[in-house]
There are 4 protein chains.
Amino acid sequence: MPQQPPLGVAVIGTGRMGADHVRRIDEVIHGARVAAVVDVDAERAKAVAGRVEGCAAYTEPAAAMASSDVDALLIASPGPAHEAALLQAFAHDLPVLCEKPLTPDPAAALRVLEAEQRLGHRRVQVGFMRRYDAGFMRLKSVLDAGEFGRPLMLHCQHRNASTPPGFTSQMMINDSVVHEIDTTRWLLDQEITAVTVLRPAPSTAAPAHLSDPQLVLFETSGGAVVDVEIFVNCGFGYQVRCEAVCESGSARTGEEAGLVTHSAGRWGGTIPQDFVPRFAEAYDRQVQRWVDATRRGTVEGPSSWDGYAAAAVCEAGVTAQATGRRTTTELVERPALYA
Amino acid sequence: MPQQPPLGVAVIGTGRMGADHVRRIDEVIHGARVAAVVDVDAERAKAVAGRVEGCAAYTEPAAAMASSDVDALLIASPGPAHEAALLQAFAHDLPVLCEKPLTPDPAAALRVLEAEQRLGHRRVQVGFMRRYDAGFMRLKSVLDAGEFGRPLMLHCQHRNASTPPGFTSQMMINDSVVHEIDTTRWLLDQEITAVTVLRPAPSTAAPAHLSDPQLVLFETSGGAVVDVEIFVNCGFGYQVRCEAVCESGSARTGEEAGLVTHSAGRWGGTIPQDFVPRFAEAYDRQVQRWVDATRRGTVEGPSSWDGYAAAAVCEAGVTAQATGRRTTTELVERPALYA
Amino acid sequence: MPQQPPLGVAVIGTGRMGADHVRRIDEVIHGARVAAVVDVDAERAKAVAGRVEGCAAYTEPAAAMASSDVDALLIASPGPAHEAALLQAFAHDLPVLCEKPLTPDPAAALRVLEAEQRLGHRRVQVGFMRRYDAGFMRLKSVLDAGEFGRPLMLHCQHRNASTPPGFTSQMMINDSVVHEIDTTRWLLDQEITAVTVLRPAPSTAAPAHLSDPQLVLFETSGGAVVDVEIFVNCGFGYQVRCEAVCESGSARTGEEAGLVTHSAGRWGGTIPQDFVPRFAEAYDRQVQRWVDATRRGTVEGPSSWDGYAAAAVCEAGVTAQATGRRTTTELVERPALYA
Amino acid sequence: MPQQPPLGVAVIGTGRMGADHVRRIDEVIHGARVAAVVDVDAERAKAVAGRVEGCAAYTEPAAAMASSDVDALLIASPGPAHEAALLQAFAHDLPVLCEKPLTPDPAAALRVLEAEQRLGHRRVQVGFMRRYDAGFMRLKSVLDAGEFGRPLMLHCQHRNASTPPGFTSQMMINDSVVHEIDTTRWLLDQEITAVTVLRPAPSTAAPAHLSDPQLVLFETSGGAVVDVEIFVNCGFGYQVRCEAVCESGSARTGEEAGLVTHSAGRWGGTIPQDFVPRFAEAYDRQVQRWVDATRRGTVEGPSSWDGYAAAAVCEAGVTAQATGRRTTTELVERPALYA
């Protein structure tokens with residue numbers, strides 16, 4: 001059996017996420033190599049490329065896509081740059097792993113959907129990496145098995161120790177709760193039909209302009225109700241938990257585990273300080289599975305449709321947050337390509 | 001020092017709760033004895049009295065109150081009978097531990113409040129026994145110490161294995177969520193100002209007429225937001241949990257504890273099947289503390305005001321449940337007696 | 001039904017344990033009162049008696065036993081005084097709850113056994129209060145039910161934050177491990193036939209003369225093996241845990257429970273600092289059940305035989321500790337009275 | 001930077017472990033490929049090689065070592081074949097990851113040690129993969145940091161659901177407890193100086209000839225004491241736990257985690273049925289780190305010395321098991337190469 005060469009991946013965007021994906025493909029993942037990196041900052045692109053064997057540096061995605069070394073794209077540039085890169089990728093008919101969001105707004109996402117339909121086959125996987133977390137995968141399999149009957153409610157908590165400068169209330173929906181939006185759609189296999197946001201008197205530990213924490217409520221097409229605590233300046237660490245309450249049982253993931261210590265009058269353990277230790281394996285698994293599927297010539301994982309639906313619910317969520325009112329979401333009909 | 005005789009208690013109502021209080025005073029509690037039992041069913045009253053040393057049986061509360069053996073009352077009759085018994089107790093100036101609800105509706109509760117004010121001193125403790133649960137007491141003390149800053153949210157779950165025949169959606173508020181209403185008011189030391197109820201597609205395990213589970217949301221005078229899962233046919237047991245999310249930390253009570261076993265491919269433990277094992281110690285502690293305070297000539301614990309406020313929030317909750325709308329609560333001004 | 005008067009208890013010894021039993025009977029337990037206290041220190045006896053209604057003070061146990069107010073004895077004096085008090089109690093044919101140890105050595109315990117046999121009926125319950133801890137009771141019931149087959153091993157940990165001045169290595173066996181000795185005998189319903197003690201290089205946190213911690217091993221008449229970590233200067237709190245490993249499952253009690261908090265990068269809870277919060281309910285339950293049984297005219301709970309067997313195993317344990325050798329225990333034949 | 005080719009690995013032995021390593025290198029690990037497989041069963045070797053791109057099949061290790069495609073060896077053949085393969089590897093100066101045991105007995109291990117010393121540099125990493133388990137790694141780092149003072153005791157449990165036909169009491173030491181032998185040496189950075197084995201009356205669930213479970217005790221050069229429950233027919237699953245008790249705190253790894261469910265009156269989760277899910281990540285991390293170090297031209301991880309010491313303690317353990325006596329271990333002086 002002849003030896004299949006590794007998948008040549010161009011990583012577009014070399015910020016925190018992009019650089020981490022470069023490291024992942026270069027050191028962790030099997031069957032792929034970083035063939036090219038792209039960044040508008042030419043120096044930065046060169047610096048990152050220089051650390052990787054056989055890696056070219058570009059400032060334009062199109063240039064990388066034109067390289068015969070490039071078999072697939074991993075888009076990790078800022079959200080507003082995604083649409084253009086995706087449309088170019090379709091022009092080269094290249095497989096793409098696109099970091100979330102697919103696009104920052106549902107209108108752009110719809111244009112991507114339409115372009116992918118014109119192409120005639122799926123090419124995009126969206127980076128909702130929680131679907132690759134071992135705990136969420138087990139929760140999904142319990143729900144799919146129907147062991148406890150139909151899921152009726154999800155209780156979710158999503159906490160960050162603190163926010164970087166410039167973090168806004170809208171980003172609490174678009175950057176943070178977007179994960180619970182995808183989690184809800186994926187776990188329940190239902191669409192989110194309405195969003196309501198309750199805002200307690202904010203924590204004094206949060207920046208003055210930020211209404212933090214908030215309680216976000218989803219209603220779904222199958223009649224489930226979901227509550228999400230989003231608290232991005234909780235101070236004590238990074239926590240993501242989800243309990244699914246079903247007709248005859250409940251299942252919960254994200255509880256603390258790991259080393260249990262006893263000392264100085266206390267028992268317990270440590271809380272990770274950001275998403276890196278919490279979801280490192282999920283990121284690895286996501287990229288490995290994308291590489292594996294791509295080498296097999298298939299597309300799996302969250303689709304452009306999932307990216308579009310998340311963008312639409314985010315838009316409703318931001319409205320609900322601003323108005324204090326229950327806001328319904330209206331999706332276009334699901335195209336056959338994503339059935 | 002001369003020996004103080006035990007407190008002679010008349011237990012009014014000898015149904016499940018009343019009979020259990022008779023047993024508690026007769027076998028568990030220190031410093032009290034059951035001097036009389038009252039039940040409209042004379043045979044039942046006699047049967048219960050016959051199991052207790054020196055206990056008289058009556059069919060009318062007033063008759064028991066007139067007895068020189070009776071120093072205090074424990075009202076465990078059905079809610080609609082409470083108002084009359086409380087007003088009679090005031091006439092005899094007797095201390096009362098009144099099982100919740102104080103009265104079934106806020107108008108009646110207001111009449112009780114007014115009568116107690118005319119009496120000029122507090123005589124009533126309402127049976128919100130969760131305030132005497134070790135876990136909730138520890139949670140309260142953590143919040144009062146302000147170690148983690150101001151509480152911003154409470155996440156509550158309240159689950160029963162199943163409901164008896166005749167259990168209605170309104171009872172989910174009046175009989176079940178009423179505990180979270182008091183817990184919220186007590187833990188936060190704030191009033192509940194608005195209630196919203198979301199109703200997922202009901203479990204097929206619930207009776208056909210019952211919209212079970214529901215998600216009940218409170219907003220409070222201090223700007224906190226509280227979510228309560230009420231699920232009265234969850235099938236697997238009785239569970240009451242509460243997590244308080246504060247500005248720099250969270251604290252959770254009600255997690256499973258007890259014997260951990262490993263067998264047949266599973267680890268874990270058992271879930272109590274009803275409130276008796278879960279809150280047995282809280283009931284004991286509640287009655288013991290009431291007896292102790294009464295013998296010292298004081299009144300402690302939840303007051304008639306707490307009973308009134310709970311009734312008012314329940315009324316709003318039932319409206320919110322029926323209409324699907326956010327419903328505000330309007331309390332009368334808090335009388336000085338309950339300051 | 002005529003009202004049965006409360007059991008009049010004389011508490012002998014008013015040190016820490018005795019004073020706590022006085023408080024327990026005076027304020028917590030149902031159906032008993034402290035009729036007398038006895039202490040060689042007359043001032044101390046009077047001071048304690050003065051806080052209790054209708055309580056007399058004595059300096060001699062015999063004087064208290066002669067009082068018509070005294071129906072039963074709770075012996076909480078130092079161990080060396082137990083034998084004399086017990087023999088006097090037999091002379092008055094009074095029921096006794098005797099704090100552990102029954103006597104400090106097996107020879108004295110044998111004399112008590114013989115005297116009780118001459119009396120012709122059991123009068124003594126020994127204060128092995130772990131048998132009344134809810135967790136250990138559940139463990140016992142799981143083992144007795146045989147759900148997981150025969151118990152093969154017990155893994156025990158027994159930790160104290162620190163020791164008072166004068167605490168010796170022998171006391172690690174006689175005062176601390178004696179609880180695991182009784183726990184083992186009770187849980188397994190077997191006698192301990194051999195003891196081995198391993199002594200790691202001691203903790204620098206322990207007093208210089210104390211070989212702390214130690215690993216104590218029991219072999220039992222039914223072929224079980226038990227390991228006990230005894231660590232009396234662990235620094236972080238009081239912990240008692242026990243895991244029973246059976247043929248098809250294991251069951252563990254004593255794991256941390258209670259309020260779980262998240263703050264400052266850590267999750268977890270607090271560890272009690274001494275045995276009082278850990279076993280308060282067990283002490284209450286022990287005395288309540290002794291009072292209940294005594295009023296019914298029966299004797300239950302750990303017997304003089306259990307006190308004798310514990311003393312014999314302690315003696316072997318101290319020898320094993322001193323010699324580093326496996327040391328067998330030899331019990332007299334079990335008298336019919338204790339069958 | 002020129003692209004470094006993947007490390008060409010010859011996997012020697014294609015049984016369960018070997019085949020799993022082939023899959024791991026072929027599908028999971030970065031930077032390596034399976035260049036050759038070796039098995040005395042030529043058909044089997046060919047079948048395995050046929051599933052991997054560019055992989056040759058051999059029946060003799062020496063033939064694979066002679067191939068220019070082979071840069072390193074992973075020895076997964078039966079233990080008795082290890083010595084010969086290792087000596088050949090030294091002749092080719094090839095890096096080796098050798099599955100445990102290094103050799104079945106200390107005499108053979110000594111010959112390997114001597115040959116490696118003649119070679120003049122370390123070439124061997126032994127497959128004690130627990131050192132690569134995230135939980136054990138965290139435990140090690142806590143101990144190394146000395147946060148809780150010096151470790152005094154380890155409490156270990158090692159349980160298998162059941163044993164395959166032919167599993168003997170000696171294999172309980174050589175195949176199972178060997179992991180705790182290495183864990184003890186690694187966590188404490190001390191040698192094991194004596195072994196004692198206690199054998200409870202065996203479980204009726206174990207095969208008739210097998211004394212299962214056993215309690216194995218280690219004493220170490222630094223004065224620590226270690227107890228190991230080895231129970232290879234516990235029935236309920238695969239469990240590996242370890243608690244390190246230090247001077248001012250304890251730390252425990254291996255507690256149950258993962259999805260927590262509530263249903264049918266029970267809370268809890270599942271127990272893995274064998275070592276694969278429990279240690280899958282440790283195996284992956286072990287091989288990845290070996291590949292990474294090898295490509296950097298270094299040797300890390302457990303050495304031939306660790307393999308020799310484990311073999312010597314196993315020998316003592318088997319004697320202790322057979323005789324019921326405390327058995328001391330005598331190691332040769334540690335050669336400078338392994339300092």
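The residue numbering used here restarts from 1 in each chain and proceeds along that chain's sequence as written. Chains carry letters from A onward and ligands carry numbers from 1 onward, assigned in written order. At least 70 in pLDDT is required for a residue's local features to be given in this predicted model, at least 80 for side-chain atom pairs to be given and counted, and no such filter applies to totals for whole chains, interfaces and linings, which use all residues. Water and hydrogen atoms were dropped before computing side-chain values, which therefore reflect all heavy atoms in the structure.

## What about the overall build of chain A?
Here a helix means four or more residues in a row that DSSP labels H or I, a strand means two or more in a row labelled E, and each is numbered from the N terminus. Each helix and strand in chain A was counted, giving nine helices and 15 strands. Projected onto its principal axes, the C-alpha positions of chain A cover 55 × 55 × 45 Å. Burial analysis of chain A (339 residues in total) assigns 60% to the buried set. Accessible surface computed for chain A: about 12,000 Å², of which carbon and sulfur atoms make up 52%. For this count, His and the chain ends are skipped, Lys and Arg are scored as positive, and Asp and Glu as negative. Charged groups are reduced to one reference atom each: NZ for lysine, CZ for arginine, CG for aspartic acid, CD for glutamic acid. For chain A, the distance from the average position of its 31 positive side-chain charges to the average position of its 41 negative side-chain charges is 2 Å. For every residue, the accessible area obtained with a 1.4 Å probe (protein chains only) is divided by the maximum for its type, and the residue is called buried under 20%, exposed over 50%, and partly exposed between those limits. Reported accessibility uses the Shrake-Rupley method at a 1.4 Å probe radius. Residues are deemed covered only where the shown protein chains occlude them.

## Examining the sheet that holds strand β1 (residues 7-12) of chain B
All names here are of chain B. With respect to topology, six strands assemble into an open sheet ordered β3-β2-β1-β4-β5-β6, the strand pairing being parallel. Two strands close off the open sheet at either side, each with one partner strand: β3 (56-58) and β6 (124-126). Strand-to-strand twist of the sheet, defined as the mean angle between neighbouring strand axes without regard to direction, takes the value 25°. Note on pairing: two strands pair once DSSP finds at least 2 bridges between them. Summarising the sheet, β1 and strand β2 (residues 32-38) pair through six bridges and their orientation is parallel. The residue of β2 that forms the bridge with Gly8 is Arg33. Structural elements are reduced to axes, namely lines fitted to C-alpha atoms, with helices fitted over the stretch in contact, and the angle between N-to-C directions of any two is expressed from 0 to 180 degrees.

## Here's the deal with the interface of chain A and chain B
Residue contacts follow a heavy-atom distance rule, with two residues in contact if any of their heavy atoms lie within 4.5 Å. The interface of chain A with chain B comprises 40 residues on the first partner and 40 residues on the second. Of the roughly 2,800 Å² buried between chain A and chain B, counting both surfaces, carbon and sulfur atoms make up 59%. Should a side-chain nitrogen of Lys or Arg be within 4 Å of a carboxyl oxygen of Asp or Glu, the pair is scored as a salt bridge. Summed over the shared surface of chain A and chain B, the number is seven salt bridges. Residue A:Arg159 is joined to B:Glu243 by a salt bridge in which the shortest nitrogen-to-oxygen separation is 3.1 Å. Any N or O atom pair separated by 3.5 Å or less is treated as a polar contact, with the protein-specific requirement of one donor-capable and one acceptor-capable atom, and with residues adjacent in sequence counted only for side-chain atom pairs. On inspection of chain A and its partner chain B, the count reaches 14 residue pairs in polar contact (both at pLDDT 80 or more). Here the quantity called buried area is the total loss of accessible area, with a 1.4 Å probe, experienced by two parts when brought into contact, counted for both.

## Some points on the sheet that holds strand β3 (residues 56-58) of chain D
Residue and element names in this part refer to chain D. Taken in spatial order, the six strands of this open sheet run β3-β2-β1-β4-β5-β6, and their pairing is parallel. In this open sheet, the two edge strands, each paired with only one partner strand, are β3 and β6 (124-126). Ignoring strand direction, the axes of neighbouring strands in this sheet form an average angle of 25°. Of the pairings in the sheet, the one linking strand β5 (residues 96-98) to β6 comprises three bridges and is parallel in character. The partner of Leu97 across the bridge, within β6, is Gln125.

## Re the packing of helix α4 (residues 82-91) of chain B against helix α5 (residues 106-119) of chain B
Residue and element names in this part refer to chain B. Contact geometry of α4 with α5 gives a least axis separation of 10 Å together with a crossing angle of 5°. Relative to α5, the element α4 lies roughly parallel. Counted together, Glu83, Leu86, Leu87 and Phe90 of α4 and Ala108, Arg111, Val112, Ala115, Glu116 and Leu119 of α5 form the full contact between these two elements. All residues other than Ala, Val, Leu, Ile, Met, Phe, Trp, Tyr, Cys, Pro, Asp, Glu, Lys and Arg, Gly among them, are scored as polar; the first ten of these are nonpolar and the last four charged. Grouping the constituent residues of the contact of α4 with α5 by class yields seven nonpolar, no polar and three charged. Roughly parallel refers to an angle under 35 degrees, roughly antiparallel to one over 145, roughly perpendicular to one between 65 and 115, and oblique to any angle outside these ranges.

## Let's talk about the packing of helix α6 (residues 134-145) of chain C against helix α7 (residues 169-188) of chain C
All names here are of chain C. Remark: α6 packs on α7, axes separated minimally by 9 Å, with the N-to-C direction vectors making an angle of 35°. Every residue of α7 that contacts α6 at Phe136, Met137, Leu139, Lys140 and Leu143 is listed here: Thr183, Trp186 and Leu187. Class assignment of the residues belonging to the contact of α6 with α7 gives a composition of six nonpolar, one polar and one charged.

## Here's the deal with the pattern of salt bridges
Residue and element names in this part refer to chain A. In this structure the tally under the stated criterion is 106 salt bridges over all chains. In this structure, Lys140 and Asp144 form a salt bridge, with 3.2 Å as the shortest nitrogen-oxygen distance. In this pair, Lys140 and Asp144 both sit in helix α6 (residues 134-145), four residues apart, roughly one turn of the helix. Judged by its relative accessible area of 53%, Asp144 is exposed.

## What to know about the domain arrangement of chain A
Residue and element names in this part refer to chain A. Where each domain begins and ends is defined by an automated method or by a domain database. In terms of domains, chain A is made up of domain 1 (7-130 + 282-302) and domain 2 (133-278 + 309-338). Averaged C-alpha coordinates put domain 1 and domain 2 at centres separated by 26 Å. The interface is formed by 20 residues belonging to domain 1 together with 24 residues belonging to domain 2. Carbon and sulfur atoms supply 64% of the area that domain 1 and domain 2 bury against each other, a total of about 1,900 Å² over both sides. Its largest share of buried area at the contact with domain 2, domain 1 owes to Pro106, Phe128 and Arg130, together 40% of the area lost on that side. Taken together, the links from domain 1 to domain 2 amount to two salt bridges. Across the pair Asp274 and Arg16 runs a salt bridge whose closest N-O atoms are separated by 3.5 Å. In this assembly, domain 1 and domain 2 are joined by six residue pairs in polar contact (both at pLDDT 80 or more). Secondary-structure elements contributing two or more residues to the side of domain 1 that touches domain 2 are α1 (16-27), α5 (106-119) and α8 (275-295). When residues in the side of domain 1 that touches domain 2 are grouped by element, the largest group, five residues, is from α5.

## As for the relation of the copies chain C and chain A
Expressed as a screw operation, the relation of chain C to chain A combines 0.0 Å of axial shift with a rotation of 180°, fitting to an RMSD of 0.0 Å. What we have between these two chains is a two-fold relation. Among all residues of chain C, the minimum C-alpha distance to the rotation axis is found for C:Gly268, at 1.9 Å. Counting the interface residues of chain C, we find that 100% of their copies in chain A are interface residues as well, pointing to one common contact surface. The atoms used to superpose the copies are C-alpha atoms, taken from residues with pLDDT of at least 70 in both, and the fit is least squares.

## Some words on the interface of chain C and chain A
Between chain C and chain A, the residue contacts involve 18 residues of the former and 18 residues of the latter. Here chain C and chain A share an interface that buries about 1,600 Å² over both sides, 57% of which is from carbon and sulfur atoms. Taken together, chain C and chain A are joined by zero salt bridges. At the junction of chain C with chain A, the criterion picks out 14 residue pairs in polar contact (both at pLDDT 80 or more). Elements with a minimum of two residues in the side of chain C that touches chain A: β11 (239-246), β13 (260-263) and β14 (266-270) of chain C. Examining the composition of the side of chain C that touches chain A, we find that five residues originate from one element, β14(C), more than from any other. The residue inventory of the side of chain C that touches chain A, partitioned by class, reads six nonpolar, nine polar and three charged.

## Quick notes on helix α6 (residues 134-145) of chain D
Since there are 3.6 residues in each turn of an α-helix, residues three or four apart along the chain are aligned in direction. Residues and elements named next belong to chain D. One less than the number of residues in a helix, times 1.5 Å, gives the span that helix is expected to have. Between its first and last C-alpha, α6 extends 16 Å over twelve residues, near the 16 Å set by a 1.5 Å rise per residue. Of all the positions in α6, only Gly135, Phe136, Leu139, Lys140, Val142 and Leu143 are classed as buried. Seen along its axis, α6 keeps its buried residues to an arc of 160°; they face one direction. Along α6, exposed side chains directed more than 90 degrees from the buried face belong to Asp144 and Ala145. Buried-residue contacts for α6 involve β7 (151-159), α7 (169-188), β11 (239-246), β12 (249-253) and α8 (275-295). Once α6 finishes, Gly146 follows within two positions and takes phi at roughly 70°, a positive value. Arc definition: directions from the helix axis to the C-beta atoms.

## Focus on the relation of the copies chain A and chain B
If you rotate chain A by 180° and push it 0.0 Å along the axis, it lands on chain B with an RMSD of 0.0 Å. Mapped onto chain B, 100% of the interface residues of chain A are again interface residues, and the two copies thus contact each other with one and the same surface.

## What about the packing of aromatic side chains?
Residues and elements named next belong to chain A. Two rings from Phe, Tyr or Trp (for Trp, the six-membered ring) form a pair when their centres are within 6.5 Å of each other. A pair whose planes differ by under 30 degrees is stacked, one over 60 is edge-to-face, and the rest are tilted. Tallying each qualifying case throughout the model produces 18 aromatic pairs over all chains. Arranged with centres 6.4 Å apart and planes meeting at 65°, the rings of Tyr238 and Phe275 form a pair that is edge-to-face. Taken together, the residues Tyr238 in the loop between β10 (225-231) and β11 (239-246) and Phe275 in helix α8 connect sequence positions 37 residues apart. Using a relative accessible area of 6% as the deciding quantity, one classes Tyr238 as buried. Grouping aromatic residues by their ring pairs yields a cluster made of Tyr238, Phe275, Phe279 and Tyr283.

## Description of the environment of C:Asp39
Residue and element names in this part refer to chain C. Here Asp39 shows up in the loop between β2 (32-38) and α2 (42-50). Spatially, the C-alpha atom of Asp39 lies 38 Å from that of Glu255, the residues being 216 residues apart in sequence. Leaving out residues up to four positions away in the same chain, Asp39 has contacts with Gly13, Thr14, Gly15, Arg44, Ala45, Tyr58 and Thr59. Of the polar contacts made by the side chain of Asp39, one reaches the side chain of Thr14; its length is 2.5 Å. Of the polar contacts made by the side chain of Asp39, one reaches the backbone nitrogen of Asp41; its length is 3.1 Å.

## Considering the side chain of D:Arg278
Residue and element names in this part refer to chain D. Summarising the element assignment, Arg278 is placed in helix α8. Taking relative accessible area as the criterion, Arg278 reaches 19% and is therefore assigned buried. For Arg278, the side chain forms a polar contact with the main-chain oxygen of Val240, separated by 3.0 Å. Beyond its immediate sequence surroundings of up to four residues, Arg278 is in contact with Asp133, Phe136, Tyr238, Val240, Gly254 and Pro272.

## Re the confidence of the model for chain A
What pLDDT expresses is the predictor's confidence in each residue, scored from 0 to 100. Of the residues in chain A, 99% have a pLDDT of 70 or more, and the chain-wide mean is 96. ipTM for the predicted complex: 0.95, alongside a pTM of 0.96.

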